[in-house]
Amino acid sequence: MNSEAKKQLIKKHSPGSSLFKDLILSFIFGGGICVIGQLLFELYTTLGLDKKLSSTVVTVTLIFIAALLTALGIFDKIAKHAGAGTLVPVTGFSNAVVSQAMDAKSEGYVLGVGAKIYTVAGPVILFGLLSGVVYGVIYYIYSLLGG
Amino acid sequence: MKRITKINSDIHFKSWAAVGGYEERRGPLGEKFDFCDMSDKFGQTTWEIAEAEMGRVALNTALSKSGLSHSDIELLVAGDLQNQCVASSTGLSSFGIPFLGIYGACSTCTESIMTLSAFMNSSETMQMGGAVTSSHNSAAERQFRTPIEYGGQRAPTAQWTSTAAGAFILCRGRGDVMITEYMPGRIVDGSTSDGANMGGAMAFAAFDSIYAYFEESGENPHNIDAIITGDLGRVGSDILREMLSKELPGTEALHNDCGLLLYDMKNQDAHSGASGCGTSASVLACHFLPMLAEGRLRRILFLSTGALMSPSSLLQGENIYGIAPLIRLESGKETNK
């Protein structure tokens, strides 16, 4: 049997993900996290924080909640249903860092946790920084043009 | 090319043991396991050592069931999924038995039994040997995929690496379950680099071995009660059955897969089924060997299926290669008649 025939056979018998269900669930969970963020924002501004500081504290709070749920072994059970709903918000980043840190702990704090903590989250940091640089250059040129 | 070796001297399974974790206990075969640790940790602090301990417990259980001492065993053949097969060497070190570590990915169970029987078949003096195979879900996830608590979605074609071990004591002479033939597998291109579809990739290797067996032996499929593969899961089993129905009509109905038996496919989150070399080892030990011993099965072909790849080879876009060594097991009750 040639390679193409094998590929066809695999494709024929491999069920795909349920796109509709995944989209709905990720919308509900992702939207839910945004609602929680907004409620926290309202809470912090009511407590007297200014808007800029409130946004930062909301992010920190969501990161903490996701880290706590990861440590308690709850996050992955939610995320397997939520998909992109928990992955895309800052909760996904928090989970990627904390879960990797938990895994690496048995290999020591320096060569384990220290060296491996960004194994999963690394691409987000690298390409996040790079896109920040690109955005900065565009912004600089735009400002030179009198924008 | 002659691939099948007939075992001239009688070799039988003296005893066997299956050890598992939480999900394995919850599965349909759960009560047949000799021991399951509901924490998956086996009293250890790391997943890797937990797997080593699981292998040790499996061999210890098989030894005590046979009434033998570790000093009676002349050779141990064992393997697992961890880098450098360190679970086997760590877990089995305390027995002080001469050791051969092997790697066959998830084909390790059949490979270890085959290797051991080849040694016993060619030796005039060797009386007893042991074969041990283990895999641990958390150790495998850490090594091959993402961190254990990472929140991701698995593809419907993905499989669940079992936390399970099987240990087998082989002994010269006649017994309730005999191993009568073995046939090493060939390395067969799975034509996919999708690490979430290893069952599909391995199906072609399983077919290659089954087809070659019937072609070379001329055996009538009616004489075989079951053809059991290791961990093809739902996707791989569907592919294999389609190929068998075309090329060896009638044999597809004899097929079953340990990866479809270990977990409740509806209520456990196993997706396409169980995988990991502990799957075929534990299902052979807790399900098929007892059936053979009781005479409920007479003759079976047993093929653990291995996906030969590494995390690096997958990232580099290389195909997954499959391998399926085959052993023929017969009920002693049948052959004694």
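Residues numbered from 1 in each chain as written. Chains lettered and ligands numbered in written order. Predicted model: local features only at pLDDT ≥ 70, side-chain atom pairs only at ≥ 80, totals over all residues.

## Points about the overall build of chain B
Regarding its fold elements, chain B presents 11 helices and 17 strands. In terms of overall size, chain B behaves like a compact globule, its C-alpha atoms giving a radius of gyration of 18 Å where 337 residues would be expected to give roughly 20 Å. Each principal axis of the C-alpha distribution contributes one length, and for chain B these read about 55 × 50 × 35 Å. In chain B, of all internal contacts separated by at least 6 residues, the share reaching a separation of at least 24 is 80%. (Helix = DSSP H or I, 4+ residues; strand = E, 2+ residues; numbered from the N terminus. Rg over C-alpha atoms; globule rule 2.2 N^0.38 Å. Contact = placed C-beta atoms within 7 Å.)

## A closer look at the interface of chain A and chain B
Across the contact, 29 residues belong to chain A and 23 residues belong to chain B. Of all elements in the fold, only α1 (3-13), α4 (75-82), α5 (84-87) and α6 (90-104) of chain A reach the threshold of two or more residues within the side of chain A that touches chain B. Here the residues of the side of chain A that touches chain B are counted per class, giving 11 nonpolar, 13 polar and 5 charged. (Nonpolar A, V, L, I, M, F, W, Y, C, P; charged D, E, K, R; others polar.)

## Here we look at the pairing of strand β14 (residues 299-303) of chain B
In summary, the side chains of a regular strand alternate between the two faces of the sheet. Residues and elements named next belong to chain B. Within β14, 4 of the 5 residues are buried, leaving the element largely enclosed by the surrounding structure. Sheet topology places strand β11 (residues 226-229) next to β14; 4 bridges connect them, and they run parallel. Counterpart to Ala226 in the pairing with β14 is Ile300. The pairing of β14 with strand β17 (residues 326-331) spans 5 bridges and is classified as antiparallel. Opposite Leu301, over in β17, you have Arg328 as the bridge partner. (Buried ≥ 20, exposed ≤ 12 C-beta atoms within 10 Å, placed from the backbone. Pairing = 2+ DSSP bridges.)

## Considerations on the nonpolar core
Taken as a class, soluble globular proteins show a tendency for nonpolar side chains to be buried jointly. With 104 residues, the main nonpolar core has B:Ala58, B:Phe168, B:Leu170 and B:Ala206 as its most contacted residues. Counting only domains with at least three residues in this core, you end up with domain 1 (5-172) and domain 2 (177-332) of chain B. Beyond its immediate chain neighbours, meaning those up to four positions away, B:Ala58 contacts B:Ala17, B:Val19, B:Val132, B:Ala165, B:Gly166 and B:Ala167. Residues A:Phe29, A:Ile33, A:Phe75 and A:Ala79 belong to the second largest nonpolar core, which totals 10 residues. (Core = buried A, V, L, I, M, F, W, Y, C linked by C-beta atoms within 7 Å. Domains from an automatic or database assignment.)

## Describing the confidence of the model for chain B
Of all residues in chain B, 99% have pLDDT values of 70 or greater, and the mean over the chain is 96. Scoring of the predicted complex yields 0.94 for pTM and 0.89 for ipTM. (pLDDT = per-residue confidence, 0-100.)

## Let's talk about the packing of helix α2 (residues 47-66) of chain B against helix α5 (residues 137-144) of chain B
When two helices pack together, their arrangement is captured by the angle between the axes and the distance separating the axes. Residue and element names in this part refer to chain B. At their nearest, the axes of α2 and α5 sit 8 Å apart, and the two run at 135° to each other. One finds that α2 runs oblique with respect to α5. Once α2 is placed against α5, the crossing between them reads as left-handed. Of the residues in α5, those in contact with Trp47, Glu48 and Glu51 of α2 are Ser138, Ala139 and Arg142. Split into classes, the residues belonging to the contact of α2 with α5 amount to 2 nonpolar, 1 polar and 3 charged. (Axes fitted to C-alpha atoms, helices over the stretch in contact; angles between N-to-C directions. Parallel < 35°, antiparallel > 145°, perpendicular 65-115°, else oblique. Left-handed = near helix turned anticlockwise from the far one by under 90°.)

## Concerning the packing of helix α3 (residues 51-71) of chain A against α6(A)
Residues and elements named next belong to chain A. One can describe the packing of α3 onto α6 by two numbers: an axis separation of 8 Å at closest approach and a directional angle of 40°. What the angle tells us is that α3 and α6 run oblique. Two packed elements cross with a definite hand, and for α3 against α6 that hand is right-handed. Contact residues: Thr59, Leu62, Ile63, Ala66, Ala67, Thr70 and Ala71 in α3; Val90, Thr91, Ser94, Asn95, Val98, Ser99 and Met102 in α6. Looking at the contact of α3 with α6 residue by residue, the classes come out as 8 nonpolar, 6 polar and no charged.

## Brief notes about the domain arrangement of chain B
All names here are of chain B. With domains assigned, chain B is organised as domain 1 (5-172) and domain 2 (177-332). Just the C-alpha atoms count here: the centres of domain 1 and domain 2 sit 18 Å apart. With 53 residues of domain 1 at the contact, the number on the domain 2 side is 56 residues. Listed by contribution, the elements that provide at least two residues to the side of domain 1 that touches domain 2 are β1 (5-6), β2 (11-20), α1 (22-26), α4 (108-122), β6 (128-135), α5, β7 (160-161) and β8 (164-172). It is α4 that contributes the most residues to the side of domain 1 that touches domain 2, 8 residues altogether. When its residues are assigned to classes, the side of domain 1 that touches domain 2 shows 25 nonpolar, 19 polar and 9 charged.

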